[in-house]
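# Residue-level structure breakdown
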Amino acid sequence: MRYSIVAKDDYVSKELTKKIKETINGTYDEAKPSIVFSVGGDGTVLDAVRKYIYLLNEITLVAINTGNIGFYTEFLPEELNELIKMLDDKTNIIKYPVLEVEIDGKVDYALNEVVVFVNHHLFEGKIFVDGTELMDIRADGVCISTPSGSTAYNKSLKGAVVDRDLELMQLVLMAPFETIDKRVITPLILNKDREVLIKPQSKYFDISVDRTFVTYQKVDEIKVRVSEKKVKFLRKSTQNFPKRLKEKFISRT
Ligand code: NAD
């Protein structure tokens, strides 16, 4: 087994990284792994996906939680031996869709969401779905999320929490300005074959893709669609979506 580790930069994660290397029967191969351990929180998972985005079809992610909420991170450090045994069993896999975003022709990918926004001013632009001009918007911004990302920023913006087995994307406007509030549709859930096109009219704005963000000016078109790529995660057979929601949001103190 060729494996690699993406870890958070803290004591617990570094110690667990050492332990994985001592325990696992495999070769450390950062360039072409088949298993990628993510040791940390959800942010570490997002980093691991970004690092191996062009190898997604070949890798399985094993997400171990040493962080805070850990919505993607099903495993705990003390379950290391158990999860290493599970690696041979390909039935313990769950696949999550990712979004493909094209910014004036340049392509990037998001596991959680793509957000187009402006700080301190209103973001202005037109939103098209499959070529139909649907909305002229003035808002803080637009968030388009995956099902697995629906529990992240999307949830804070009052978007719907979406079951992870569905293949779709969700568009939510961030604080639409009151005079246009009645002429917009938000949240909007679209099937996997649709394409959202944003034509910004604001001069400057930021685009964040999961953890990273870049300030842009003079972008003509931002296209977002559900990608053919999927992220494969090792999963616990005792876990399911409602249970995860309850543990991470309802029962948290
Ligand atoms: P961070 O350090 O600001 O923390 C974001 C929090 O969101 C963490 O507690 C993380 O565990 C949690 N999170 C991430 N993905 C999740 C998911 N799919 N379901 C449930 N919780 C999830 O940022 P980070 O750790 O670098 O994570 C980046 C993510 O932060 C972005 O993709 C975005 O979704 C989220 N975010 C949320 C808000 C908000 O809720 N107001 C604002 C900005 C970014």
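Residues numbered from 1 in each chain as written. Predicted model: local features only at pLDDT ≥ 70, side-chain atom pairs only at ≥ 80, totals over all residues.

### So, the overall build of the chain
Here is the rule: Put simply, DSSP marks the helices as runs of H or I at least four residues long and the strands as runs of E at least two long, and each gets a number from the N terminus on. We take the radius of gyration over the C-alpha atoms and set the globule estimate at 2.2 Å times the residue count to the 0.38 power. Field definition: a residue is buried when 20 or more other C-beta atoms are found within 10 Å of its C-beta, exposed when 12 or fewer are, and partly exposed for counts in between, with C-beta atoms placed from the backbone.
The number of helices and strands found in the chain is five helices and 16 strands. For the chain, the C-alpha radius of gyration of 19 Å lies close to 18 Å, the compact-globule estimate for 253 residues. Here the C-alpha coordinates of the chain stretch approximately 60 × 40 × 35 Å along the principal axes. Across the 253 residues in the chain, those meeting the buried criterion constitute 37%.

### A closer look at the domain arrangement of the chain
How we decide: Annotation comment: domain bounds sourced from an automatic or database domain assignment. Any pair of residues counts as being in contact when their C-beta atoms, constructed from backbone geometry, are within 7 Å of one another.
Domains assigned within the chain are domain 1 (2–92 + 235–250) and domain 2 (98–228). With centres defined by C-alpha atoms, the gap from domain 1 to domain 2 works out at 28 Å. Contacts between domain 1 and domain 2 engage nine residues on the former and nine residues on the latter. Elements represented by at least two residues in the side of domain 1 that touches domain 2 include exactly α2 (42–51) and α5 (241–250). Element by element, the count of residues in the side of domain 1 that touches domain 2 is highest for α2, at five residues.

### Topic: the sheet that holds strand β7 (residues 113–117)
Think of a sheet as strands paired side by side through backbone hydrogen bonds, with each pair either parallel or antiparallel. Just so we agree on the cut-off: Two strands qualify as a pair provided that DSSP identifies no fewer than 2 bridges between them. To define axes, lines are fitted to C-alpha atoms, for helices over the stretch in contact only, and angles between the resulting N-to-C directions are given on a 0 to 180 degree scale.
In space, the six strands of this open sheet follow the order β12-β11-β10-β7-β14-β15, with antiparallel pairing throughout. At either end of the open sheet lies a strand with only one pairing partner, and these are β12 (188–191) and β15 (212–217). Mean inter-strand twist for the sheet, computed between neighbouring axes without regard to direction, equals 15°. Where strand β11 (residues 168–174) lies against β12, four bridges are found, and the strand directions are antiparallel.

### A closer look at the site of the ligand
Operational definition: Throughout this description, a residue near a molecule or strand is one whose C-beta atom, derived from the backbone, lies within 6 Å of it. Throughout, the ten residues Ala, Val, Leu, Ile, Met, Phe, Trp, Tyr, Cys and Pro are labelled nonpolar, Asp, Glu, Lys and Arg are labelled charged, and all others, Gly among them, are labelled polar.
Neighbouring the ligand are 17 residues; Asp 42, Gly 43, Phe 71, Ala 152 and Ser 156 lie closest to it. Of all elements in the fold, only α2 and α4 (153–156) reach the threshold of two or more residues within the shell around the ligand. By residue number, the principal contributor to the shell around the ligand is α2, which donates three residues. Split into classes, the residues belonging to the shell around the ligand amount to five nonpolar, eight polar and four charged. Split by domain, the shell around the ligand shows at least three residues from each of two domains, domain 1 (2–92 + 235–250) and domain 2 (98–228).

### Quick notes on the pairing of strand β14 (residues 204–209)
Every second residue of β14 is oriented toward a common face, the buried set being Phe 205, Ile 207 and Val 209 and the non-buried set Tyr 204, Asp 206 and Ser 208. With four bridges joining them, β7 and β14 adopt antiparallel strand pairing. Paired with Phe 117 across the strands is Asp 206, a residue of β14. In this structure, β14 lies alongside β15, joined through six bridges in antiparallel fashion. Each residue of the ladder has a partner; that of Ser 208, found in β15, is Phe 213.

### Quick look at the environment of Leu 111
Along the chain, Leu 111 falls in the loop between β6 (106–110) and β7. You can call Leu 111 buried: it has 29 C-beta atoms within 10 Å. In this structure the C-alpha to C-alpha distance between Leu 111 and Gly 70, which are 41 residues apart in sequence, comes to 14 Å.

### Points about the nonpolar core
Heads up, the condition is: Here, a nonpolar core means buried Ala, Val, Leu, Ile, Met, Phe, Trp, Tyr and Cys residues linked by C-beta atoms lying within 7 Å of one another.
By size, the foremost hydrophobic cluster in this structure holds 58 residues, and its most contacted members are Leu 61, Leu 99, Val 114, Val 142 and Ile 144. If you tally residues by element for this core, the top one is strand β16 (residues 222–234), at six residues. When residues are assigned to domains, this core turns out to be shared by domain 1 (2–92 + 235–250) and domain 2 (98–228), each giving three or more. Filtering out sequence-adjacent residues up to four positions away, Ile 144 remains in contact with Leu 99, Glu 113, Val 114, Met 169, Gln 170, Leu 171, Val 196 and Val 224.

### Focus on α2
In an α-helix, one full turn covers 3.6 residues, which means residues spaced three or four apart are oriented alike. Looking only at α2, the buried set comprises Asp 42, Thr 44, Val 45, Leu 46, Ala 48 and Val 49. Close packing links the buried residues of α2 with β1 (2–7), β3 (35–40), β4 (60–65) and β16.

### Quick word on helix α1 (residues 11–23)
Filter applied, for reference: Any helix carries an expected span of 1.5 Å times its number of residues minus one.
Its 13 residues give α1 an end-to-end C-alpha distance of 18 Å, which sits within 8% of 18 Å, the value for a rise of 1.5 Å per residue. Against β1, β3, β4 and α3 (80–86) lie the buried residues of α1.

### Digging into the environment of Val 162
Among the structural elements, Val 162 can be located in the loop between α4 and β11. Note on Val 162: 22 C-beta atoms within 10 Å, which makes it buried. Expressed as a C-alpha distance, the spacing of Val 162 and Asp 108, which sit 54 residues apart in the sequence, is 23 Å. In contact with Val 162, not counting residues within four places along its chain, are Pro 147, Ser 150, Leu 168 and Gln 170.

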